Amino acid sequence: MGGVGDVREVREVPQEATRTPLTAEEELRARSVFATEIGAQLARQGWAVFPAHTPEERIRLFAVARIIEERLGHRVEAVPEDILSMRFTLVGAAPEVGPAAGAAGQPNG
């Protein structure tokens, strides 16, 4: 009954290394949600960092930057911050609440 001698072997189940791509509608919804989230942070502090683990996610986030530009009416710069994230910066406009861009998290370059 589950004593010390009852050891079960656990094995990994092999899985194919394939991705399930988003449908066109799912892609538009994802971009819209990301644009809302990132855009709100940009409006508050002038910069935002968002995860981007794959080349596909980086491409998506570049498109999101264009959506945010249209919504805010200001240029948005999107650049890789490191291998796992993208940094968005509002260019040519002051954030709504003070100079938070000078706080921790400022780009190192």
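Because the structure is predicted, anything quoted here is derived from the model rather than measured.

Quick notes on the sheet that holds strand S2 (residues 75-82)
Taken in spatial order, the three strands of this open sheet run S1-S3-S2, and their pairing is antiparallel. The sheet is open, and its two borders are formed by strand S1 (47-51) and S2, each paired with just one other strand. Shown here is a sheet whose adjacent strand axes are inclined to one another by a mean of 25°, direction ignored. Packing of helix H1 (residues 24-45) onto the sheet brings it into contact with S1, S2 and strand S3 (85-91), and relative to S1 it is tilted by some 150°. Along the sheet, helix H2 (residues 55-72) contacts S1, S2 and S3; its crossing angle with S2, the most-contacted strand, is approximately 155°.

So, the confidence of the model for the protein chain
This prediction gives the protein chain a mean pLDDT of 80; 67% of its residues lie at or above 70. Looking across the protein chain, the model is least confident in H2, with a mean pLDDT of 94, and most confident in S1, with 97. Here residues 97-109 scores under 50 on pLDDT; set against residues more than four positions off or in separate chains, the count is 12 contacts.

Basis of the calculations
Residues numbered from 1 in each chain as written. Predicted model: local features only at pLDDT ≥ 70, side-chain atom pairs only at ≥ 80, totals over all residues. Heavy atoms only, no water. Pairing = 2+ DSSP bridges. Helix = DSSP H or I, 4+ residues; strand = E, 2+ residues; numbered from the N terminus. Axes fitted to C-alpha atoms, helices over the stretch in contact; angles between N-to-C directions. Contact = heavy atoms within 4.5 Å. pLDDT = per-residue confidence, 0-100.

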